[in-house]
Amino acid sequence: MVSSYLRVLLLIIAVCTTSVNAEENFDPLTLVTSAIDQTRGLSSYSEMTMLIKRPSWQRESTLYAWTRGREDALIRFVAPARDAGNALLKQGNNMWTFNPKLNKSIRLPGGMMSQSWAGSDFSYDDMSRSDKWIKHYRLEHVATEEADGLKTYTIDAIPFDDAPVVWGKERLRIREDSVLIEAIYYDQDMQPLRRMVSTEIGVLGGRTMATTIRMLDLEKPNSFTEVRYDAMDFDVALEDRLFTLFSLQSRSR
């Protein structure tokens, strides 16, 4: 009887120890890096619909985007006609915008990366699918939960002292299959100001990913911006000249 009790007790201890060790061995940097790469691949091409919703109006736009690695991105409006040609180029830490009406490219200073892009609730960093969490933040594992057979990890991204960011911290929720479920952005007083949530998850380009994401300003409950990925291809052949100022100012791909 005692022997059986001891065996059960030892088994419980072993299971608990294994669970604790698994949590101790969890590396938030690895998961965050995987989540970024999940929607970029070695390179990518995507077609998106962006809906900006306000209490008294809404606007829908169509965009095409190309990325290469974690450094380069080009995003271009293709519809409606009044917005067509507006574009955003990211090269490493540098970013430019192009306005065809002015026929001028403008390089954005670092302090503007967190500013609203094209009147939406997304920032320039958000739209370029920046790797800022890898470069400028310390990542801390906060909690783990499980639903529908998948673990979801809560990770706090705390900016380094010299990081060129405006947030006090960002709280990420990422599934174990590298799908970003939610991101909450806190000000310097640790009050939540923005929330990005994946409202639809599906398969595009052979990868499981968030196919629709919504950004909300928590101080404006009746407003939001939603981006829906309509098509996605990964590991596509892209020429170097695509990620140049000349390409940025071109009205076609």
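Residues numbered from 1 in each chain as written. Predicted model: local features only at pLDDT ≥ 70, side-chain atom pairs only at ≥ 80, totals over all residues. Heavy atoms only, no water.

Caption draft 1: Structural detail: the pairing of strand 13 (residues 224-234). Pairing geometry for strand 1 (residues 43-53) and strand 13, over 10 bridges, is antiparallel. Bridge pairing links Ser44 to Phe234 in strand 13. Pairing analysis gives 4 bridges linking strand 12 (residues 207-217) to strand 13, with the strands arranged antiparallel. Among the inter-strand pairings, Met215 is bridged to a residue of strand 13, identified as Thr225. (Pairing = 2+ DSSP bridges. Helix = DSSP H or I, 4+ residues; strand = E, 2+ residues; numbered from the N terminus.)

Caption draft 2: Quick look at the side chain of Arg194. Within the secondary structure layout, Arg194 lies in strand 11 (residues 192-204). In this structure the side chain of Arg194 is engaged in a polar contact, spanning 2.9 Å, whose partner is the backbone oxygen of Asp121. Leaving out residues up to four positions away in the same chain, Arg194 has contacts with Asp121, Phe122, Ser123, Asp126, Trp167, Ala183, Ile184, Tyr185, Met215, Leu216 and Leu218. (Polar contact = N/O pair within 3.5 Å; in protein donor to acceptor, adjacent residues only side chain to side chain. Contact = heavy atoms within 4.5 Å.)

Caption draft 3: A look at helix 2 (residues 28-38). Within the span of helix 2, buried status applies to Pro28, Leu31, Val32, Thr33, Ala35, Ile36 and Gln38. The inward-facing, buried residues of helix 2 contact helix 4 (132-135), strand 7 (137-147), strand 8 (150-159), strand 9 (169-175), strand 12 and strand 13. Where helix 2 begins, the side chain of Asp27 points an oxygen toward the backbone nitrogen of Leu29, at a separation of 3.2 Å. (Buried < 20%, exposed > 50% of the residue type's maximum accessible area, 1.4 Å probe, protein only.)

Caption draft 4: Layout of the nonpolar core. Judged by nonpolar contacts, the single largest core of 44 residues is most densely connected at Trp117 and Trp133. If we skip the residues at most four places from it in the chain, Trp133 touches Val32, Ile36, Leu139, Ala157, Glu170, Leu172, Leu180 and Tyr185. Within the second largest apolar cluster, 11 residues are counted, among which are Trp66, Ala87, Leu242 and Phe243. (Core = buried A, V, L, I, M, F, W, Y, C linked by side-chain atoms within 4.5 Å.)

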